[in-house]
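Given next are the chains, with one letter for each unit.
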Amino acid sequence: MQPVEIYTTPLCGFCHAAKRLLKKKGVAFSETDVSRDREQRQAMMRRANGRHTVPQIFVDGVHVGGCDELLALDRAGKLDPMLAGP
């Protein structure tokens, strides 16, 4: 399983939805709360090509996008192969 990182805030419904999908699939992920950490939010924005909304999700260091993109990958059948890796 490829490493998954997700940048979140506690009150974000989209963050909860993305984490719920990953948990449903049995995917372990590291979570970074950017709600009170300006440096972490800046790091997230650099990694996510300027995107400032949460969640921002990375699979094996590759930026996937936010919750909508994660759900779209799943619906298209592309998320499981991405998570499984090469």
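Predicted model only: the values in this text are computed from it and were never measured. (Residues numbered from 1 in each chain as written. Predicted model: local features only at pLDDT ≥ 70, side-chain atom pairs only at ≥ 80, totals over all residues. Heavy atoms only, no water.)

A. Structural view of the overall build of the protein. Helix and strand content of the protein: four helices and four strands. What you see in the protein, going N to C, is helices and strands ordered as β-α-β-α-β-β-α-α. A compact globule built from 86 residues would reach a C-alpha radius of gyration of about 12 Å, and the protein, at 12 Å, matches this within 12%. Residue burial in the protein is summarised as follows: out of 86 residues, 37% are buried. (Helix = DSSP H or I, 4+ residues; strand = E, 2+ residues; numbered from the N terminus. Rg over C-alpha atoms; globule rule 2.2 N^0.38 Å. Buried < 20%, exposed > 50% of the residue type's maximum accessible area, 1.4 Å probe, protein only.)

B. Structural view of the nonpolar core. Counting residues in hydrophobic clusters, the biggest one holds 15 residues, and the most contacted among them are Val4, Ala18, Ile57, Val64, Leu70, Leu79 and Leu83. Going through the elements one at a time, strand S1 (4-8), helix H1 (13-24), strand S3 (56-59), helix H3 (67-75) and helix H4 (79-84) are the ones with two or more residues in this core. With four residues, H1 is the single largest residue contributor to this core. Residues within four places of Ala18 in sequence aside, it is in contact with Ile6, Pro55, Ile57, Cys67 and Leu70. Counting eight residues, the second largest nonpolar core, distinct from the first, contains Cys12, Val34, Ala48 and Phe58. (Core = buried A, V, L, I, M, F, W, Y, C linked by side-chain atoms within 4.5 Å. Contact = heavy atoms within 4.5 Å.)

C. Structural context of unusual backbone geometry. Each neighbour pair has its own omega, and for Val54 with Pro55 the value is 0°, a cis peptide bond. Within the secondary structure, Pro55 is located in the loop between helix H2 (38-47) and S3. One non-glycine residue, Asn49, lies in positive phi territory at about 55°. Along the chain, Asn49 falls in the loop between H2 and S3. In this structure, Asp60 is a non-glycine residue whose phi angle is positive, near 55°. If you trace the backbone, Asp60 turns up in the loop between S3 and strand S4 (62-65). A relative accessible area of 45% means that Asp60 is categorised as partly exposed.

Treat this as a map of the structure, not an account of what it does.
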